[in-house]
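Commentary on secondary and tertiary structure
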Amino acid sequence: MPMIGRLNHVAIAVPDIAAAAKVYEETLGAKVSEQVPQPDHGVTTVFVELPNTKIELLEPLGEDSPIAAFLERNKTGGMHHVCYEVEDIIAARDHLVANGGRVLGSGEPKIGAHGKPVLFLHPKDFCGTLVELEQA
Ligand code: CO
């Protein structure tokens with residue numbers, strides 16, 4: 001039984017979200033949202049809507065942004081995480097943990113940037129990529 005579903009978004013951390021939004025809007029001709037500050041998550045987000053998925057642009061917000069260290073290592077920005085949809089986030093978490101996957105933080109879902117429960121998974125367990133699960 002497949003557990004992960006659609007690719008909900010790919011997140012790209014950027015040092016300057018206005019410049020990044022402009023690249024997507026003008027150079028690539030994409031539909032781009034307004035900037036939304038998300039103080040609970042330490043980021044400002046812009047969503048780029050594509051026909052089959054979204055790109056989430058992330059800029060650090062505040063003192064303890066979870067993407068600050070990533071941008072220290074990747075000064076011009078870079079791919080930060082991929083987000084897969086799951087039907088039942090608790091069932092997905094329990095399946096992962098039973099199969100050796102590590103969930104970051106407390107292990108309990110938080111409400112993510114789209115108002116839905118999310119979890120982040122340890123990149124070392126998933127081919128070097130930070131994975132977000134979002135309950136669809
Ligand atoms: Co995300």
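Residues numbered from 1 in each chain as written. Predicted model: local features only at pLDDT ≥ 70, side-chain atom pairs only at ≥ 80, totals over all residues. Heavy atoms only, no water.

Topic: the overall build of the protein
Of the regular secondary structure elements, the protein holds 3 helices and 9 strands. Across the protein, helices and strands are ordered from the amino to the carboxyl terminus as β-α-β-β-β-β-α-β-α-β-β-β. Taking 14 Å as the expected radius of gyration for a compact globule of 136 residues, we find that the protein reaches 15 Å, a close match to that expectation. The dimensions of the protein, computed from C-alpha atoms along their principal axes, are 45 × 35 × 25 Å. Of all 136 residues assigned to the protein, the portion counted as buried reaches 40%. Put simply, 54% of the contacts in the protein that link residues at least 6 apart link residues at least 24 apart. Working note: accessible area of the protein is about 8,000 Å², and carbon and sulfur atoms make up 55% of it. Separation between the mean location of the 11 positive side-chain charges and that of the 19 negative ones in the protein comes to 4 Å. (Helix = DSSP H or I, 4+ residues; strand = E, 2+ residues; numbered from the N terminus. Rg over C-alpha atoms; globule rule 2.2 N^0.38 Å. Buried < 20%, exposed > 50% of the residue type's maximum accessible area, 1.4 Å probe, protein only. Contact = heavy atoms within 4.5 Å. Areas by Shrake-Rupley, 256 points an atom, 1.4 Å probe, with all protein chains shown as cover. Lys, Arg positive; Asp, Glu negative; His and termini not counted. Charge placed at Lys NZ, Arg CZ, Asp CG, Glu CD.)

Describing the coordination of the cobalt ion
Protein-derived ligands of the cobalt ion are His9 (NE2), Glu56 (OE), His81 (NE2) and Glu132 (OE), with the metal-ligand distances lying across 2.0 to 2.5 Å. Spacing between the donor residues of the cobalt ion along the chain follows H-x46-E-x24-H-x50-E. One end of the pair, glutamate 56, is in strand S5 (residues 54–60); the other, glutamate 132, is in strand S9 (residues 131–135), and 76 residues separate them in sequence. Classification of glutamate 132 as buried rests on a relative accessible area of 5%. (Donors = N, O, S within 2.8 Å, 3.2 Å for Na, K, Ca; no water.)

Examining the nonpolar core
Tyr24, Val48, Ile55, Leu57 and Leu133 are the most contacted members of the largest nonpolar core, which totals 23 residues. In terms of residue count, the dominant contributor to this core is helix H1 (residues 17–27) (4 residues). If you look at the next biggest cluster of nonpolar residues, it comprises 7 residues, including Ala11, Ala13, Phe70 and Leu71. (Core = buried A, V, L, I, M, F, W, Y, C linked by side-chain atoms within 4.5 Å.)

Remarks on unusual backbone geometry
If you check the backbone angles, cysteine 127 has positive phi at about 60 degrees while not being a glycine. A relative accessible area of 79% means that cysteine 127 is categorised as exposed.

Everything listed here is a matter of coordinates, which is why it stays silent on function.
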